[in-house]
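In case you want the letters, here they are:
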Amino acid sequence: MLAAFAGFGLYMSSETISRASTSEKENTIENPLVAEWSGPFGGVPAFDKVKVADFKPALEEAMAEQLAEIDKIANNSEPPSFENTIAAMERAGSKMERVSTIYFIWSGNMKDAAFAAVEREMAPKFAALGDKITQNENLFKRIEAVYNSPEKQKLTSEQQRLVWVRYTNFVRAGARLNAEQKARLSQINQQLASLFTKFGQNLLKDENEQYVHLRSESELSGMSQSYKDAAASAAASKKVDGWIVSNTRSSVDPFLTYSERRDLREKVWKMFVNRGDGGGATDNNATITEILQLRAERAKMLGYQTHAHWRLENAMAKTPERAMELLEAVWTPVVERVKEEVRDMQALADKEGAKITIEPWDYRYYMEKVRKERYDLDANEVKQYLQLDKIRDAMFFVAGELFNFTFSPVKNVPVFHPDVTVWEVKDKTSGKHVGLWYFDPYARDGKRSGAWMNAYRSQERMDKPITTIVSNNSNFVKGKPGEPVLISWDDASTMFHEFGHALHGLSSDVTYPTLSGTNVARDYVEFPSQLLEHWLSTPQVLQKYAVHYQTGKPIPQSLVDKIEKSATFNQGFATTEYLSSALIDMKLHLAGSQLIDPDKFERETLASLGMPRELVMRHRTPQFAHAFGSDGYSAGYYSYLWSDVITADSFGAFTEGKGPYDKAVGKKLVKNIFSVGNTIDPAEAYRNFRGRDPKVEALMKKRGF
Ligand SMILES: [Zn+2]
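What comes next is a walk through the structure. (Residues numbered from 1 in each chain as written. Predicted model: local features only at pLDDT ≥ 70, side-chain atom pairs only at ≥ 80, totals over all residues. Heavy atoms only, no water.)

**Quick notes on the packing of aromatic side chains**
Line of reasoning, step 1. Following the criterion strictly, the structure yields 47 aromatic pairs and no others.
Line of reasoning, step 2. Ring plane angle 80° and centroid distance 6.1 Å describe the contact between Phe47 and Tyr438, whose orientation is recorded as edge-to-face. Residue Phe47 is found in the loop between helix H1 (6–13) and helix H2 (55–74), and its partner Tyr438 is found in strand E5 (residues 433–442); the two are separated by 391 residues along the sequence. Side by side, Phe47 and Tyr438 carry an identical accessibility label, which is buried.
Line of reasoning, step 3. Relative to Phe674, the ring of Phe403 lies with its centre 5.0 Å away and its plane at 75°, an arrangement referred to as edge-to-face. Here Phe674 lies in helix H26 (residues 663–674) and Phe403 lies in helix H17 (residues 388–403), a separation of 271 residues in the sequence.
Line of reasoning, step 4. With relative accessibility at 7%, the residue Phe403 sits in the buried group.
Line of reasoning, step 5. An aromatic cluster of three or more residues is present, and its members are Phe47, Phe55, Tyr103, Phe104, Trp106, Phe115, Phe126, Phe416, Tyr438 and Tyr456.
Line of reasoning, step 6. Above the face of the Tyr365 ring, Arg265 is positioned so that its terminal group lies 4.0 Å from the ring centre. (Phe/Tyr/Trp six-rings, centres within 6.5 Å; stacked < 30°, edge-to-face > 60°. Helix = DSSP H or I, 4+ residues; strand = E, 2+ residues; numbered from the N terminus. Buried < 20%, exposed > 50% of the residue type's maximum accessible area, 1.4 Å probe, protein only. Lys NZ or Arg CZ within 6 Å of the ring centre and 35° of its normal.)

**A look at the pattern of salt bridges**
Line of reasoning, step 1. Counted by the stated rule, this structure contains 52 salt bridges.
Line of reasoning, step 2. Of the charged contacts in the structure, one is a salt bridge between Asp631 and Arg295, with a shortest N-O distance of 3.0 Å. Of this pair, Asp631 sits in the loop between helix H24 (625–628) and helix H25 (639–655) while Arg295 sits in helix H12 (residues 285–301), and the two are 336 residues apart along the sequence.
Line of reasoning, step 3. A relative accessible area of 16% means that Asp631 is categorised as buried.
Line of reasoning, step 4. The closest approach of N and O atoms between Asp393 and Arg392, which form a salt bridge, is 3.3 Å.
Line of reasoning, step 5. Overall, Asp393 belongs to the partly exposed group, its relative accessible area being 29%.
Line of reasoning, step 6. Put simply, Asp253, Arg364, Glu577 and Arg618 are held in one network by salt bridges that share partners. (Salt bridge = Lys/Arg side-chain N within 4 Å of Asp/Glu carboxyl O.)

If you want it as structure tokens, here you go:
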């Protein structure tokens, strides 16, 4: 996961973000949050001075200042130029940048009741600020003038890219429409916002209110004690006797995997896949039809063939046709794999004398049995070789080999919690300062779940060199003092993933802040991070860093083999349930303005694709929140596979060379991918690295097809 700043993302997409180095010393009694960052390394966030009560006045002051700076640019009497318009926008809002960075760090890591109250009040103000800037007509006229000026050809390629990014973002938000169209657009956006809310609330209602009631212990046969306990307390909270299986994935998936009661598996499965599709008050079909109609109208008005074309224009894929090509290429072999998996499961069921034909509610149950029989992998055994501190050292080792970075702890930098450590990153050869990496590994109250990377400050050199500050955050449970924290293979892999995002930020070598670091297209941003995951299982890492917490002996190769072999298990199921959703998402948004009955569309499309009858879409249309809970991942569910194709293909550059530590390939990777941010079209950047476009073969191999 990248950049936890949900509000920040919104803020950036509204084109209001900028960093600058102008100094504001005129304030008399300064709120510490609005002050310039001071101290070592070109200034660091003053986490030791944060008071929640200071956030609101600091944000209000910074917002007003940013709007004033934008107005000054928009109303400049000089003719528009790159310098006085595009570069000036980069410099505007430096105070806002500083305050909002700390605000979003607090939101993710230190959220108490007082902060949550500030957040409820400030959230709509962030949105309004973005609108005020994109709807500033004088500002857009100036951006458009720079974009259309013949002078543009004389700019550097990075400057031309920046002009393009600014211009297209304004156009995509409707800046070129006439007044009547603008009014209709904002009407559509507001209608959509209500429909998204309705969709989400219907879904939540089905998930909260529906359940399968279990009245005797025998109905829970096969389930673990911890599952039974959770099911009992869920029942108690609904004031019913016994146990319940809630209508959520975290409750349903384990039941379908372990329950020995086939009749109940069927009942639970049917409840879950019909969320939002029950025909009553919470049915989402009509809402979806309306959302699709409005999206089609909006896309047309903005000058795009369909909603999918609008969404993909500034993604790496660029057109829905290219995304579809990938999805369809993977589809056929994956469906073949499902047939094999079903054959294996049927054979096992026959051997047990079950006298059944595998149905969708049997898939997870028999898959788990096949897995146990074939791999016999004990997760607890693996954990004893994975110590949090050693895995962190392993990441430093990889960064040293591939990026030529060193990491050393620093003490003179304020942190927001004593668990956070700060590391200075330097170039191994020159000793030159590269940036700072904050590491916050442990769970605490007020910290959101999961693992992520944040950029506290992005590298740039518009007026003077500014270095990167990034963080990695996760939620490990702190051990007793002096005892190592043991983590799972998946967790170790996630640490490498997040560290990949951090290295992407730290490697940045660009001029303009908007184009810096991880600020790249949605179907591209997970590629550098997914790539880093590959180094966890290299012998160099395993031999030295994956050592037993008591004996110090490296993890046995036989155990590593088991981990790697089981990695491709079950990929037929996982990839097909994902792909069918991605295909439906894209086809619905390519259908244009025709009136769509979602259930019928889904049924007919899946039939024409040859969807195996033994499984179902990961997100059926009436419950597909990626597509209908917001615009965010609409016509964008393909992105996960797209990034993974690039990841697998790029690792091939190493394996075709001297292996994962091939210095020449590493250098090329940093030069063309990790350091360029959004200064270049991602497809072109990739060709510069690989000498060609990504091919899908490596992914097929990685997933075992
Ligand atoms: Zn990520």
